[in-house]
Amino acid sequence: MEREAATSPTENGPETDTAAVRRHPALFRAIKRRKNPRLRRSDITVTDEAAVKRAVKAASLGNAMEWFDFGIYAYLAGTIGRVFFPSGSDTAQLLSSFATFAVAFLVRPIGGMVFGPMGDRIGRKKVLALTMILMAIGTAAIGFIPSYDSIGFWSPLLLILFRLLQGFSTGGEYGGASTFIAEYAPDKRRGFFGSFLELGTLAGYTGAASLVTALTAGLGSDTMDAWGWRIPFLVAAPLGIVGIYLRLKLDDTPAFLKLEDSNVHISEAADAVETTARGDLAKIFRTHWRPLVLCIALVGAYNITDYMLLSYMPTYLSDELDYSESHGLMILVATMVLLMLIINQVGRLSDHFGRKPLLMTGMIGFFVLSTPAFLLVRQGSLVAVSAGMLMLGLSLVCLLGTMSAALPAMFPTNVRYGSLSVGYNLSASLFGGTTPLVITALISVTGSEMMPAYYSMAAALVGVVAVACMKETAQKPLAGSPPSVGTEEEAAEIVEAQAPTPKF
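Residues numbered from 1 in each chain as written. Predicted model: local features only at pLDDT ≥ 70, side-chain atom pairs only at ≥ 80, totals over all residues. Heavy atoms only, no water.

### What to know about the overall build of the protein chain
- Within the protein chain one finds 22 helices and four strands.
- Counting across all 504 residues of the protein chain, residues that qualify as buried make up 53%.
- Put simply, of all contacts in the protein chain between residues at least 6 apart along the chain, 83% involve residues at least 24 apart.
- Split by element, the accessible area of the protein chain, about 21400 Å² in all, is 65% carbon and sulfur. (Helix = DSSP H or I, 4+ residues; strand = E, 2+ residues; numbered from the N terminus. Buried < 20%, exposed > 50% of the residue type's maximum accessible area, 1.4 Å probe, protein only. Contact = heavy atoms within 4.5 Å. Areas by Shrake-Rupley, 256 points an atom, 1.4 Å probe, with all protein chains shown as cover.)

Structure below.
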């Protein structure tokens, strides 16, 4: 039979016979409606502003406390090297300390593979409370470990054990907290609310750095080595209790609750959950491998630059430029406070202009500015070091203020927590936690104090490619979830926009 008209791309499909469409318009409209059913008002989530703010506060404060716990170790790296690894040169002690820092990242993917699918299965808030309990236990326990002089090799062995517990718990933290906020926030303000998560990260790091700085200045290096280093770790226990309380008070996210309610029969829903529990990891790697690879590339570039500036830089200043430990931390604290003041505005900008422009600005900033920034830092003066740190900080804040909204949107609701936890922690394990160790080793091997700049530039180049390949998700519903809006008026507008135009 002869074709009546050439095929051409139309709204009904990539190759639809236009003559057939003209002959059977009602049929093709029905097909289109079946593929893309119109949203009913009941499908659209209208967020409660007060509930969103409570959720953001609980997730962000919990995240701040989690990263306070984690940041303490980075800022006490030199002291921990002397207490737990007393033999060898200063470089060997530092490498041993950073190797123990990196150990926690080895188990982060395992934590992500355990806690992520669990969060998709039993809910976000329960898993987030559990991760906080484990982190508080691991951090407080480090504060009770006897020194190497007291119990010998058992001392570093226990340190590694509790670092593994910290890393395991952290495997479920970022993916869950970013998913929690993203699923609570309205679509048009997801960037703004998501930026509070990284505000919490900066607050945690700032609190840890400030406490370590104050203790070092007040007690002196000898007293810190003797017993003062324990105080920041022991502070973690009461902070953890506060975070757990805040998280358990909340309801689970609207997107997760709607996903649970989508099955009419409870038994069928339970069967589906059990099936997902057994096969969710295989499903993530088999079905969602493209966004997973993109997530790993983005997070790798982001984590290298993040940990280079926020974790490694104080050590670089003290070991390579002979700054006192407290002075290096004070400069970092000042930089982080400035970033905290502007990070929410970056989130607003990502809602307005899109995630990709902000992420690309940050990646290009690191690629272009890393070398001049480290040349400034190497000058050694307070003004030059501060200017170099600020250049890197302004590049980093473009990533910090945007990433927590961009990453959850890459995966559908039913596997979001699991996919993001797996991708984020695989990348963080390979690239983020190893950053201080790799940079210290590269400087030791090459003798070049510019290695942190070159390492950041390589990471930023990968990030530029990854950002170019990602889809823009600003102001769009999360995959697998209906639209989420801030007011009833917005919901009505969405429904009305789908109504067919009347014909006269």
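So much for the structure itself; the text now carries on.
### Looking at the environment of Ala 140
- Along the chain, Ala 140 turns up in helix 7 (residues 124-142).
- Sequence-wise, Ala 140 and Val 235 are 95 residues apart; in three dimensions their C-alpha atoms are separated by 7.3 Å.

### What about the environment of Ala 459?
- By the secondary structure assignment, Ala 459 is in helix 21 (residues 451-469).
- Residues contacting Ala 459, with those up to four places away along its chain left out, are Ala 301 and Ile 304.

### Thoughts on the pattern of salt bridges
- Across all of its chains, the model carries nine salt bridges by this definition.
- Its salt-bridge partner being Arg 189, residue Glu 49 comes within 3.5 Å of it at the nearest N-O pair. Separated by 140 residues along the polypeptide, Glu 49 in helix 3 (residues 49-75) and Arg 189 in the loop between helix 10 (173-184) and helix 11 (190-228) bring together distant segments of the chain.
- We classify Glu 49 as partly exposed; its relative accessible area is 35%.
- Exposure remark for Arg 189: the relative accessible area of 30% places this residue in the partly exposed category.
- One salt bridge connects Asp 225 with Arg 82, and the closest N-O pair in it is separated by 2.9 Å. Placement of the pair is Asp 225 in helix 11 and Arg 82 in helix 4 (residues 77-84), with a sequence separation of 143 residues.
- Salt bridges linked by common partners bring Asp 120, Arg 124, Glu 183 and Arg 416 together as one network. (Salt bridge = Lys/Arg side-chain N within 4 Å of Asp/Glu carboxyl O.)

### A short note on the side chain of Arg 124
- Within the element layout of this structure, Arg 124 appears in helix 7.
- On the accessibility criterion, Arg 124 (0% relative accessible area) is buried.
- Here Gly 119 takes part through its backbone oxygen, which lies 3.1 Å from a polar atom of the side chain of Arg 124.
- Other than its neighbours up to four places away in sequence, Arg 124 contacts Gly 119, Thr 179, Phe 180, Glu 183, Asp 252, Thr 253, Phe 256, Thr 413, Arg 416 and Tyr 417. (Polar contact = N/O pair within 3.5 Å; in protein donor to acceptor, adjacent residues only side chain to side chain.)

### Here's the deal with the packing of helix 6 (residues 108-122) against helix 19 (residues 416-432)
- Following both chains from N to C, one finds helix 6 and helix 19 inclined at 170 degrees, their axes separated by 7 Å at the closest point. The orientation of helix 6 relative to helix 19 falls into the category roughly antiparallel. Contacts between helix 6 and helix 19 pair Arg 108, Pro 109, Gly 112, Met 113, Phe 115, Gly 116, Pro 117, Gly 119 and Asp 120 from the former with Arg 416, Tyr 417, Gly 418, Ser 421, Val 422, Tyr 424, Asn 425, Leu 426, Ala 428 and Ser 429 from the latter.
- Class assignment of the residues belonging to the contact of helix 6 with helix 19 gives a composition of nine nonpolar, seven polar and three charged. (Axes fitted to C-alpha atoms, helices over the stretch in contact; angles between N-to-C directions. Parallel < 35°, antiparallel > 145°, perpendicular 65-115°, else oblique. Nonpolar A, V, L, I, M, F, W, Y, C, P; charged D, E, K, R; others polar.)

### Digging into unusual backbone geometry
- Notably, Gln 475 is not glycine yet its phi reads approximately 65 degrees, a positive angle.
- Along the polypeptide, Gln 475 turns up in the loop between helix 21 and strand 4 (484-485).
- Owing to a relative accessible area of 40%, Gln 475 belongs among the partly exposed residues under this scheme.

### Considerations on the packing of helix 6 against helix 9 (residues 154-170)
- Packing of helix 6 against helix 9 brings their axes to within 6 Å, and their N-to-C directions diverge by 45 degrees. If you check the angle between helix 6 and helix 9, you find them oblique. Crossing hand, helix 6 versus helix 9: right-handed. Residue-level contacts link Arg 108, Ile 110, Gly 111, Val 114 and Phe 115 of helix 6 to Gly 167, Phe 168, Ser 169 and Thr 170 of helix 9. (Left-handed = near helix turned anticlockwise from the far one by under 90°.)

### Thoughts on the packing of aromatic side chains
- This structure, assessed with the given rule, holds ten aromatic pairs.
- Centroid distance Phe 84 to Trp 229: 5.4 Å. Interplanar angle 75 degrees. Geometry classified as edge-to-face. Highlighted residues: Phe 84 in helix 4 and Trp 229 in the loop between helix 11 and helix 12 (230-248), separated in sequence by 145 residues.
- Exposure remark for Phe 84: the relative accessible area of 1% places this residue in the buried category.
- With a relative accessible area of 1%, Trp 229 lands in the buried category.
- Ring geometry for Tyr 316 against Phe 374: centres 5.5 Å apart, planes inclined by 85 degrees, an arrangement best described as edge-to-face. In this pair, Tyr 316 sits in helix 15 (residues 289-320) while Phe 374 sits in helix 17 (residues 355-379), placing the two residues 58 residues apart along the sequence.
- One aromatic cluster is present, formed by Phe 84, Trp 229 and Phe 233 through successive ring pairs.
- Here Arg 348 stacks its cationic end above the ring of Phe 192, 4.1 Å away from the centre of that ring. (Phe/Tyr/Trp six-rings, centres within 6.5 Å; stacked < 30°, edge-to-face > 60°. Lys NZ or Arg CZ within 6 Å of the ring centre and 35° of its normal.)

### A few points about a nonpolar patch on the surface
- Taken together, the side chains of Tyr 148, Ile 151, Phe 153, Trp 154 and Leu 157 define a hydrophobic patch exposed on the protein surface, amounting to about 490 Å² of accessible area.
- Mapped onto the nonpolar patch, the elements with two or more residues apiece are helix 8 (148-151) and helix 9.
- The topology assignment puts Tyr 148 in helix 8.
- For Tyr 148, a relative accessible area of 32% translates into the label partly exposed. (Patch = residues over 30% accessible without salt bridge, like charges linked within 9 Å, V, L, I, M, F, W, Y side chains within 5 Å.)

### Observations regarding helix 3
- The end-to-end C-alpha distance of helix 3 is 37 Å, a good match for the 39 Å that 27 residues give at a rise of 1.5 Å each.
- For helix 3, the principal kink sits at Asp 69 and spans about 25 degrees.
- The buried fraction of helix 3 is high, at 21 of 27 residues.
- With a side-chain oxygen positioned 3.2 Å from the backbone nitrogen of Ala 50, the residue opening helix 3 is Asp 48. (Expected span 1.5 Å × (residues − 1). Bend = angle between axes of the 7 residues up to and from the residue.)

### Regarding the nonpolar core
- Counting 114 residues, the largest nonpolar core has Tyr 75, Leu 310, Met 313 and Leu 407 as the members making the most contacts within it.
- Looking at which element gives the most residues to this core, the answer is helix 15, with 16 residues.
- The contact partners of Met 313, leaving out residues within four places of it in the chain, are Met 308, Phe 374, Met 389 and Leu 392. (Core = buried A, V, L, I, M, F, W, Y, C linked by side-chain atoms within 4.5 Å.)

### Comments concerning the confidence of the model for the protein chain
- For the protein chain, the mean per-residue pLDDT works out to 82, and 85% of the residues sit at or above 70.
- Confidence drops under pLDDT 50 across residues 1-15; counting only partners more than four residues distant or on other chains, this segment forms 22 contacts.
- Low pLDDT (under 50) marks residues 263-278, which in the prediction has three contacts with non-local residues, meaning those over four places away or in another chain. (pLDDT = per-residue confidence, 0-100.)

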